[in-house]
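What follows is the residue order along each chain.
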Amino acid sequence: MKSSTYPHFRFIFVVAFAALLASCGGGEATSETPPEGTEKIAEAAAKEIGGELKVHLVAQVESLNPQIHTGADAGHIIKLVYQALIDIDFETLEISPILAEKRATLEEQPDGTLHITYRIRDEATWANGDPITADDAEFALKISMNAHIDNGNHRNYYEFISDFIKYEDDPKKLTIVSNQKYLLAEAAAGDFYFVPRDTYDPKGLLSEFTIKQMQENWDEIADDPRLIEFGEWFNQKRFQTDPASMKGSGPYEVSEFVTGQRVVLQRKAEWWGDNVKNKSHFFEAWPQIINYQVVKDYATAEVALKGQKLDLMKSIPPDVFLRLRESEQMKKHYDFHTPSMINYSYIGLNTRDVRLSDKAVRHALAHVTNVSQMIDVVLNGLGEQLIGPVHPTNRYYNKDIEPYAYDIERAKTLLAEAGWADSDGDGILDKTIDGTLQELDFNYIFNPNPVREACGQLFAAEARKIGIKINLEVQEFPVYVGNLKSHNFDLFFGKWVQTPLPRDHKQIYHTESYADGHNFVGFGTEESDALIDEIRGELDEDKRGKLNLRFQEICHEESAYIFLFSESNNIIAAKKLDHLIVSEFRVGYWEPSAVIGQN
Amino acid sequence: MLKYILKRLLIFIPTLLAISLLTFIISINTSGDPVDVLLARNLEDQLSQYDAKQESYRSFRALLGLDKPVFYFTITTATQPDTLHKIAIRTHREALERIAFEHGNWPAVQQAYKGLQSLEVASYSLPWQADTKTAIRKLRDQVKLGYTQASVDDWRATHQKITDLIATNTELAPLATEAATLGVALEQLNGSEEHWRQYVPRLHWYGGDNQYHYWLFGDAPWFGAGEGNSKGVVRGDFGISHQTMQPVNDRFTGSLRWTVLISMISILLAFLTAVPLGVLSAVKRGTWVERFIGAKLFVLYSLPNFWVATLLLIYFAGGDHFDWFPTYGLGDLPDTAPFWDRFWETAWHLVLPIICWTYASLAFISRQMRSSMDNVLTTDFIRTARAKGLSERAVIGRHALRNSLISMITLVGIVFPYAVAGSIVIEHIFTIPGMGELTFTAYAFRDYPVVYTATLLVGALTLVGNLVADLLYAVADPRISFTKTSTSES
């Protein structure tokens, strides 16, 4: 009897043990076969400099398909596995050729089109030794233009491409024809990722189609079974997470992809880039293994850093970063970097609201925004005040514009001059407009984020001093985005992340983007619209720069946005990482350049 | 018994359908558009460069099947048409819905809406040149604004601005006809209001081509080969995750594995520890032992798990103190590593999460056990056993424990859903890709196929848990029977 007292427990124990065994038996990990040469590399890694670099990721990477992925981290890892003709150098912030020999040659044509010509490097080859040619470029573009790919019809982003020209006498040369003069044509026509045709289209399903045909006659060919079959083939999970199927021409290959836990990249033993002379940073790939480790909680990541279980971490919340920077133990093993990220945070004012259409109210709000206090208190000093949408790293940042001074009295005067007074004695300024009493009582929406909330609290406290009431309203991200799109707000906290490429302001600042673009606040004057249009079509950098200077003046004068600051990217890197490039460009570093030494 | 089980299993079907329906109704009435969220993940202005956002929105909407009617039917007022779901942009759809409601005469409203569309379409046939594009853009801006306006008066104001634009810009002159048509349509809105329709209900029947039907039954043929993207939930295909574009089944397979494993071990440990503690508390009732155990368990139960998890990490996972346990994850060994190496590494990684997962349920189970044991110890048969001269050990172990465990069966019903629901906090802190984190993230991203599946799974397992508990009662207590007898016991 005694022995049968806990039969159920024994059973549960056996089942639990079996479950643990089963859980260790593979499943989610998709590394069915180790990539070729893995053992050889592992042996080499033990002898040579290189070693393993452990990089923190705060969210899991869902897909490493260069055409089907979301999120900045996935986009960054993809750069190490796949390559494009050009990309932005993390150190110089300029366009740098990768597969291309040099930057594009741009030729304006009499018919108004623009010819963007590249030549692919002679050294560039696939892993099997086959040269990378214009055919590969054409194939990569055709993938983008196939609307059956699960990427939300990315083909729309290439609408400007009207044709693709190959040259019989030089299989490495190609010309992309843009149907318009456009400032980003060079960058956009060179930033698509190459993939080997034999892996990604073994049946040659796309070979019968041309770029021109896919652009001009898409509606007619959309139902072609070959295009549909290719879409289904390419959308497979294997091309998103299976190391055996994800092939690119970059220095690394994926050796492990374990959803929610890690992505491991292994340096190729033989890579074409090693033979390139006059190398840019894109041809440096020192770590033998780059192990991206997902740690979702910053407190956990902090413990991991203290235990030296991570080598590189970015976007660290200011409070955590400062605490770690003060730690003697951390100082011994880590370096601390705070590059100014190319982004800007702002408070958006709904200018189509009858109260906020009054420029005096907008200017008054700008004068009560104590940006220095926000940077000191909320960001713990880890930020930089801005005056407009152009980042200070850009040479056409308008240094002549002074930010609105924090000046309560000036704000009061502006409102009084515009006729705003507290007529009903409720402590809130009001004014009768078109027969209706309008009170300066605004809602301020933001999605859950401590920085946004704290800035809102400071802003509201200051505004109260001049008789403006601001009600903070935290909204779940989907609700927040929905309200922005439908302009259902008075004020909101927003942030835009940018790249170092020339700025095309249309989507955010053009009046045409009010109804269904990202001009949520209704910014825009005739002059600003004309400037935006002119900037878009201007290929001369200096001329474009001057237009940008004026554009920033208008943004400042209109005050549809109260520009706040650019948050620094708080990065902690192990001291053993020599030559790590820390950058203003997201994600904030180019880790393949790091040489791993002794700590 | 078999008849009873079959009956209960049959009840599962309508119950699960009701759960799915309820979840579905809640989801469509929740603020937030899944497509917006999907596109907003790439809210970098660089990606906005080719004015392609709108087209992407439409494509994603079709890809996710959101362009279909929501359900088999809708019940609205007689002001609403049955084709509103075809308008892709949510803001446009909602604005038109409001105008239709306010005005009441849908054909007249539709005519004006078509007038706006005709203007936009016609504007694309104008020559796009340096001297014309500014005027054309201004006109399109007005038309697009018109789509989002929610009153007839706003439409009229827009029309006035369009007319002024055409009058002052000769390059827009070819659009005068379309503008006039729009003007006529707007005129016809005057006096054609049918407000009574606001009070008349109308049922629109959409048939099987709707989102719910597609989710439930898919579009693949039931027999033989044929085209179709989904087999539907009833055939085990839970659809495609909006967030990752990967099959929901794949996402659940990975997450369930870890959640079930950790939950099972945690439940096992909780029972193994709590039952003896509960027994001890009951047996030592009124002594310092009972008070000691009670106080400790109460304290343990009160500690929030995120705090305990963080403390455990700081003290035992290589922070400022002891580096005894791994800090996060489930181990770094690849699948090619020897099996037992991976086994021990995974086990080592699970120690801290399992402690956190277990300690809170300890107190609960222990109190249940103590109370049950208390009741049993005061029953006649225990007194009889003691009177027979059995040792206290035999009385407790052989008679009281077995009978008091019957009440613990109730907890079995809870264990099933608990085993798959996961813990958001613990999974987040220890970076375990489990069900809690998956479901929470899915909800945040309005990834409804994943949310539906998680709800259905937990619902189904609650039903199974209750059934198993009922059956176990019958096994453990012969007085309980699910078979109807013709004679009643006295």
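Just above sits the structure.
Residues numbered from 1 in each chain as written. Chains lettered and ligands numbered in written order. Predicted model: local features only at pLDDT ≥ 70, side-chain atom pairs only at ≥ 80, totals over all residues. Heavy atoms only, no water.

*Asks:* I tried to follow the nonpolar core on my own but got confused; where do I start?
*Replies:* A general tendency of soluble globular proteins is for nonpolar side chains to be buried together. Residues and elements named next belong to chain A. Counting 143 residues, the largest nonpolar core has Leu265 and Tyr509 as the members making the most contacts within it. Per-element tally for this core: the top contributor is helix 4 (residues 134-145), with seven residues. What leucine 265 contacts, discounting residues up to four positions off in sequence, is Ile77, Leu80, Val81, Tyr252, Glu253, Val254, Ser255, Gln288, Ile289, Ile290 and Tyr292. Core analysis: the second largest hydrophobic core is formed by 39 residues, Ile347, Leu365, Leu379 and Trp420 among them. (Core = buried A, V, L, I, M, F, W, Y, C linked by side-chain atoms within 4.5 Å. Buried < 20%, exposed > 50% of the residue type's maximum accessible area, 1.4 Å probe, protein only. Helix = DSSP H or I, 4+ residues; strand = E, 2+ residues; numbered from the N terminus. Contact = heavy atoms within 4.5 Å.)

*Asks:* Would you explain helix 18 (residues 477-485) of chain A in this entry?
*Replies:* Where helix 18 of chain A is concerned, the buried positions are Pro478, Tyr480, Val481, Asn483 and Leu484 of chain A. Two residues or fewer after helix 18 of chain A comes histidine 487 of chain A, characterised by a positive phi angle close to 60°.

*Asks:* Honestly, the side chain of aspartate 224 of chain A in this entry has me stumped. Any pointers?
*Replies:* All names here are of chain A. Mapped onto the fold, aspartate 224 is located in the loop between helix 8 (218-221) and helix 9 (225-234). Accessibility expressed as a relative area gives 17% for aspartate 224, which makes it buried. Here arginine 226 takes part through its backbone nitrogen, which lies 2.8 Å from a polar atom of the side chain of aspartate 224. (Polar contact = N/O pair within 3.5 Å; in protein donor to acceptor, adjacent residues only side chain to side chain.)

*Asks:* Teacher, can you tell me more about the packing of helix 10 (residues 248-283) of chain B against helix 16 (residues 409-421) of chain B here?
*Replies:* The geometry of a pair of packed helices is captured by two quantities: the angle between their axes and the separation between those axes. All names here are of chain B. In contact at an axis separation of 7 Å, helix 10 and helix 16 are set at 145° when each is read in the N-to-C sense. From helix 10, Leu256, Thr259, Val260, Ser263, Ser266, Ile267 and Phe271 reach across to helix 16, where they touch Leu411, Val415, Tyr418, Ala419, Val420 and Ala421. Here the residues of the contact of helix 10 with helix 16 sort into 10 nonpolar, three polar and no charged. (Axes fitted to C-alpha atoms, helices over the stretch in contact; angles between N-to-C directions. Nonpolar A, V, L, I, M, F, W, Y, C, P; charged D, E, K, R; others polar.)

*Asks:* Please clarify how the pairing of strand 4 (residues 105-108) of chain A should be interpreted in this entry.
*Replies:* Regular strands have side chains that alternate between both faces of the sheet. All names here are of chain A. Sheet topology places strand 4 next to strand 5 (residues 114-119); four bridges connect them, and they run antiparallel. Opposite leucine 106, over in strand 5, you have isoleucine 116 as the bridge partner. Taken together, strand 4 and the strand that follows it, strand 5, pair antiparallel across an intervening segment of five residues, in which glycine 112 is found at a positive phi of about 90°. (Pairing = 2+ DSSP bridges.)

*Asks:* What is the right way to look at the pattern of salt bridges in this model?
*Replies:* It is possible for side chains bearing opposite charge to pair when their charged atoms get close. By the definition in use, this model includes 50 salt bridges over all chains. Note that lysine 412 of chain A and glutamate 409 of chain A form a salt bridge whose closest N and O atoms lie 3.8 Å from each other. Of the two residues, lysine 412 of chain A and glutamate 409 of chain A are both situated in helix 16 (residues 408-417); the distance of three residues between them amounts to about one turn of the helix. Ionic pairing is found between aspartate 447 of chain B and arginine 251 of chain B, a salt bridge with its closest N-O pair at 3.5 Å. Pair noted here: aspartate 447 of chain B is in the loop between helix 18 (435-444) and helix 19 (448-476) and arginine 251 of chain B is in helix 10, with a separation of 196 residues, a long-range link. By relative accessible area, which is 0% here, aspartate 447 of chain B ends up buried. Linked by salt bridges that have partners in common, Lys54, Glu256 and Arg262 of chain A together with Asp332 of chain B make up one network. (Salt bridge = Lys/Arg side-chain N within 4 Å of Asp/Glu carboxyl O.)

*Asks:* What should I look at first to understand the sheet that holds strand 17 (residues 441-446) of chain A in this one?
*Replies:* In a beta sheet, neighbouring strands are held together by backbone hydrogen bonds and run either parallel or antiparallel to one another. Residue and element names in this part refer to chain A. Read across the open sheet, the six strands follow the order 14-20-13-19-17-18; overall the sheet is mixed. Unpaired on one side and paired on the other, strand 14 (383-385) and strand 18 (469-474) mark the two borders of the sheet. For this sheet, the mean angle separating the axes of adjacent strands, direction not counted, is 30°. Bridging between strand 14 and strand 20 (residues 561-567) involves three bridges; their strand directions are antiparallel. Each bridged residue has a counterpart across the sheet, and for glycine 383 the counterpart in strand 20 is glutamate 567. Running at roughly 35° to strand 20, helix 15 (residues 371-378) makes contact with strand 14 and strand 20 of the sheet.

*Asks:* In this structure, what is going on with helix 4 of chain A? I would like to understand it.
*Replies:* Because each turn of an α-helix spans 3.6 residues, side chains separated by three or four positions in sequence point in the same direction. Residue and element names in this part refer to chain A. Relative to the 16 Å expected for 12 residues at 1.5 Å per residue, helix 4 spans 17 Å between its end C-alpha atoms, a close match to the ideal helical length. Across the 12 residues that make up helix 4, a large majority, 11, are buried. Taken together, the buried positions of helix 4 are occupied by Ala134, Asp136, Ala137, Glu138, Phe139, Ala140, Leu141, Lys142, Ile143, Ser144 and Met145. Where helix 4 is buried, its residues contact strand 6 (161-167), strand 7 (170-178), helix 6 (197-200), helix 7 (211-216), helix 8 and helix 9. (Expected span 1.5 Å × (residues − 1).)

*Asks:* So what exactly am I meant to see when it comes to the sheet that holds strand 5 of chain A here?
*Replies:* Residue and element names in this part refer to chain A. Strand order in this open sheet of four strands is 4-5-7-6, and the pairing throughout is antiparallel. Unpaired on one side and paired on the other, strand 4 and strand 6 mark the two borders of the sheet. Averaged over all pairs of adjacent strands, the angle between strand axes in this sheet comes to 20°, irrespective of strand direction. Against the sheet, helix 4 makes contact with strand 6 and strand 7, and its axis sits at roughly 160° relative to strand 6, the strand it touches most.

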